[in-house]
Amino acid sequence: MKKCWNDIGVFGLAICDDLNIYGHCRHCPKYSEGGRSLLDREIPGGLIDEWTEKLTKGKKELADSYQSLVVFKINGELLAMPSSGFQEIISVRQVHTVPFRSDKVFRGLVNVNGELLLCINSAGFFGFNNIPEEKNPNPVMAVLKNDQERYVFEVDSIVGVVQIYPASITNAPSTVGKSPKAFTRGIFKLKENDVGIIDEVKLFSELDNRITW
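Because the structure is predicted, anything quoted here is derived from the model rather than measured.

Student: How would you sum up the overall build of the protein? Please name residues and give values.
Tutor: Along the backbone of the protein there are 6 helices and 12 strands. For the protein, the residues scored as buried account for 34% of the 213 residues in total. Counting only contacts in the protein whose residues sit at least 6 apart along the sequence, the fraction spanning at least 24 positions is 56%. For the protein, the computed accessible surface area is about 13,800 Å², with 51% contributed by carbon and sulfur atoms.

Laid out in structure tokens, this is it:
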């Protein structure tokens, strides 16, 4: 359709006879029809795919910018690890001690779905010597994993899964609660409480070094 409003209408020479009737092109049926034709025209090929990709990518980048952490409690102290390091949370199982091997860190073996896994005394491993004011009557066990190994950790409770933005993580002080700085790579606030983020690489490296067969 010829855009007469740009030629002889108010946006052009303003000599259209219909201006005497409608006063302005926006009131003219031809102008309205031209606007509808813009809405009715076919979408250029690939435009939908292009914008779908842009919007999806934007959401993915936003999601990727956050870190998913599992927050848990040991001896009253709050700690967290990336969700990818947690395989499952199980109820407390019987621990079978290993003669001349079990100690304050290595508790023994636990049967998890038919497989015997090494069970770690979390408080002993992290060096928590404090006795919490209130002991959780229903502790749990967390199965932690990396590419090579799986370990069972005794924890007081699982607080939950949180999504945090990296900018909210601050450097760990010399101690986070009673947890050695060697295992923490930062802290963040959860309802005004400091939560130490455990460096899973250092965690599994230390486990491999301390528990050898």
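Student: Go over the sheet that holds strand S2 (residues 77-82), please, and point to the residues and values.
Tutor: The strand order across the open sheet built from 5 strands is S8-S1-S2-S12-S11, with neighbouring strands paired in mixed fashion. The open sheet is flanked by strand S8 (157-164) and strand S11 (184-190), the only strands paired with a single partner. Sheet twist, expressed as the average angle between the axes of neighbouring strands with direction ignored, equals 30°. Across 2 bridges, S2 lies against strand S12 (residues 193-198) in parallel orientation. Of the residues in S12, the one forming a bridge with Leu79 is Gly196. Relative to the sheet, helix H6 (residues 200-210) contacts S2, S11 and S12, its axis offset from that of S2 by approximately 95°.

Student: Now, about the packing of aromatic side chains: what can you tell me, with residues and values included?
Tutor: With the rule as written, the count across this model stands at 8 aromatic pairs. Each residue in the set Phe125, Phe126, Phe153 and Phe183 is aromatic and connected to the rest through ring pairs, giving one cluster.

Student: Give me the lowdown on H6, citing residues and values where you can.
Tutor: Listing the buried residues of H6 in full gives Leu203, Phe204 and Leu207. All buried residues of H6 lie within an arc of 85° about the axis, which places them on one face of the element. Among the exposed residues of H6, those pointing more than 90 degrees away from its buried face are Val201 and Asn209. Here the buried face of H6 lies against S2, strand S5 (115-120), helix H5 (122-126), strand S6 (140-145), strand S7 (150-155) and S12. A distance of 3.0 Å separates the backbone nitrogen of Val201 from a side-chain oxygen at the start of H6, and that oxygen is part of Asp199.

About the criteria used
- Residues numbered from 1 in each chain as written.
- Predicted model: local features only at pLDDT ≥ 70, side-chain atom pairs only at ≥ 80, totals over all residues.
- Heavy atoms only, no water.
- Helix = DSSP H or I, 4+ residues; strand = E, 2+ residues; numbered from the N terminus.
- Buried < 20%, exposed > 50% of the residue type's maximum accessible area, 1.4 Å probe, protein only.
- Contact = heavy atoms within 4.5 Å.
- Areas by Shrake-Rupley, 256 points an atom, 1.4 Å probe, with all protein chains shown as cover.
- Pairing = 2+ DSSP bridges.
- Axes fitted to C-alpha atoms, helices over the stretch in contact; angles between N-to-C directions.
- Phe/Tyr/Trp six-rings, centres within 6.5 Å; stacked < 30°, edge-to-face > 60°.
- Arc of directions from axis to C-beta.
- Polar contact = N/O pair within 3.5 Å; in protein donor to acceptor, adjacent residues only side chain to side chain.

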